[in-house]
Amino acid sequence: MNKEIVGIIGAGTMGGGIAQMFAENGFKTLLWDVNADFTNKGIEKIQKRLNKSVETGKLAKERAEDILSKINKATDLNEFNETDLVIEAIIEDYDVKVELYKKLEKIVGAETIIGSNTSSLSISDLSGNLNTPERFLGIHFFNPPTKLELVEVIATSSLSPQVSQKVNDILTRCGKSAVKVNDSPGFIVNRLLLPFINEAAKLLDSGVAKAEDIDTAMRLGTLHPAGPLQVADLIGLDICKDILEKLAESLQQENYKPAKSIVDLVKAGKLGRKTGEGFHVY
Ligand SMILES: NC(=O)c1ccc[n+]([C@@H]2O[C@H](COP(=O)([O-])OP(=O)(O)OC[C@H]3O[C@@H](n4cnc5c(N)ncnc54)[C@H](O)[C@@H]3O)[C@@H](O)[C@H]2O)c1
């Protein structure tokens with residue numbers, strides 16, 4: 001990349017984490033959200049995380065300041081004209097994302113790579129809306145992006161191999177392990193993980209075992225670091241339900257439909273760790 005500027009659109013959970021991760025690895029980043037307050041909040045959260053690392057002795061103060069100095073706030077999308085790579089991490093809404101790409105294509109240079117962090121939308125469908133689909137791909141980070149090593153790199157039939165290689169090189173420089181996936185519902189991780197969680201919830205629903213025993217069985221019997229229902233609580237049961245519904249719809253398979261306990265817990269506002277209760281109480 002010429003000037004090594006990574007633009008991140010959406011300063012929420014993932015966008016803020018992705019910006020921090022790139023800054024930690026020496027890239028100048030530009031962060032923008034639809035509303036200036038949201039951009040500021042995103043930056044404040046990054047600052048809080050860095051301060052906490054300084055307070056606990058995990059990070060030197062100068063290093064934290066250096067990381068923060070690499071995160072720049074954009075006040076207008078037009079400021080993305082000098083970016084080399086843009087990662088979109090806005091709300092999971094097809095039409096909103098497409099509208100953004102159309103604006104972005106008019107602003108960024110011809111060589112700028114555009115990646116989406118979408119978890120459940122088809123990269124090929126999104127790509128079909130761009131004038132230049134050869135520079136568009138899925139770059140799917142995991143939460144938190146500063147800590148989790150895996151990135152799924154999702155290719156469409158239009159993607160240029162050079163673009164794919166460049167993204168792979170950038171991620172390697174950030175210490176990430178990229179896996180290449182051809183566009184398909186749920187990519188690799190969610191396609192395998194969500195049915196696993198769903199089957200665990202169905203075992204619970206049919207009274208085969210208690211939540212704690214299901215998790216213990218999978219931890220101690222298969223060397224999983226956490227049981228499936230614990231993982232579901234960590235992801236958020238609303239997110240699990242949403243991904244399962246999208247998988248059921250796109251794969252046209254009933255068994256992906258969310259289990260009764262997932263639906264009921266979401267209805268009751270028990271979304272997992274983030275609300276203090278899900279399959280387990282925290
Ligand atoms: N949360 C996760 O664990 C996770 C993991 C991997 C991928 N993802 C994907 O990342 C994306 C973002 O998820 P999140 O959890 O960070 O969501 P979030 O709700 O925390 O953040 C989304 C942000 O996008 C902003 N936004 C909405 N419309 C916008 C627009 N038109 N332009 C600019 N900003 C806009 C919102 O104001 C918000 O700050 C989604 O596509 C999601 O599927 C999420």
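As the structure is a prediction and not an experimental result, all values here were calculated from the model.

1. Observations regarding the overall build of the chain
Scanning the chain from N- to C-terminus turns up 11 helices and 8 strands. Its C-alpha atoms give the chain a radius of gyration of 20 Å, near enough to 19 Å, the size a compact globule of 282 residues would have. With respect to the principal axes defined by its C-alpha atoms, the chain has extents near 60 × 45 × 35 Å. Across the 282 residues that make up the chain, the buried fraction comes to 42%. The long-range fraction of contacts in the chain, counting pairs at least 24 apart against all pairs at least 6 apart in sequence, stands at 64%.

2. Brief notes about the environment of Ala-89
Among the secondary structure elements, Ala-89 is positioned in the loop between strand 4 (85-88) and helix 4 (94-107). Accessibility expressed as a C-beta count within 10 Å gives 26 for Ala-89, which makes it buried. In the structure, Ala-89 is positioned 71 residues away from Ile-18 in sequence and 8.8 Å away in space, judged by C-alpha atoms. Ignoring sequence-local partners within four residues, the contact set of Ala-89 consists of Ile-8, Ile-9, Gly-10, Gly-12, Met-14, Gly-15, Ile-18 and Asn-117.

3. Description of the site of the ligand
Not every one of the 22 residues close to the ligand is listed here, only the nearest: Gly-10, Gly-12, Met-14, Ser-119 and Asn-143. Mapped by element, the contributors of at least two residues to the shell around the ligand are helix 1 (13-24), helix 4 and strand 6 (136-141). By residue number, the principal contributor to the shell around the ligand is helix 1, which donates 3 residues. For the shell around the ligand, a count of residues per class yields 11 nonpolar, 9 polar and 2 charged.

Each value, and the rule that gives it
- Residues numbered from 1 in each chain as written.
- Predicted model: local features only at pLDDT ≥ 70, side-chain atom pairs only at ≥ 80, totals over all residues.
- Helix = DSSP H or I, 4+ residues; strand = E, 2+ residues; numbered from the N terminus.
- Rg over C-alpha atoms; globule rule 2.2 N^0.38 Å.
- Buried ≥ 20, exposed ≤ 12 C-beta atoms within 10 Å, placed from the backbone.
- Contact = placed C-beta atoms within 7 Å.
- Near = placed C-beta within 6 Å.
- Nonpolar A, V, L, I, M, F, W, Y, C, P; charged D, E, K, R; others polar.

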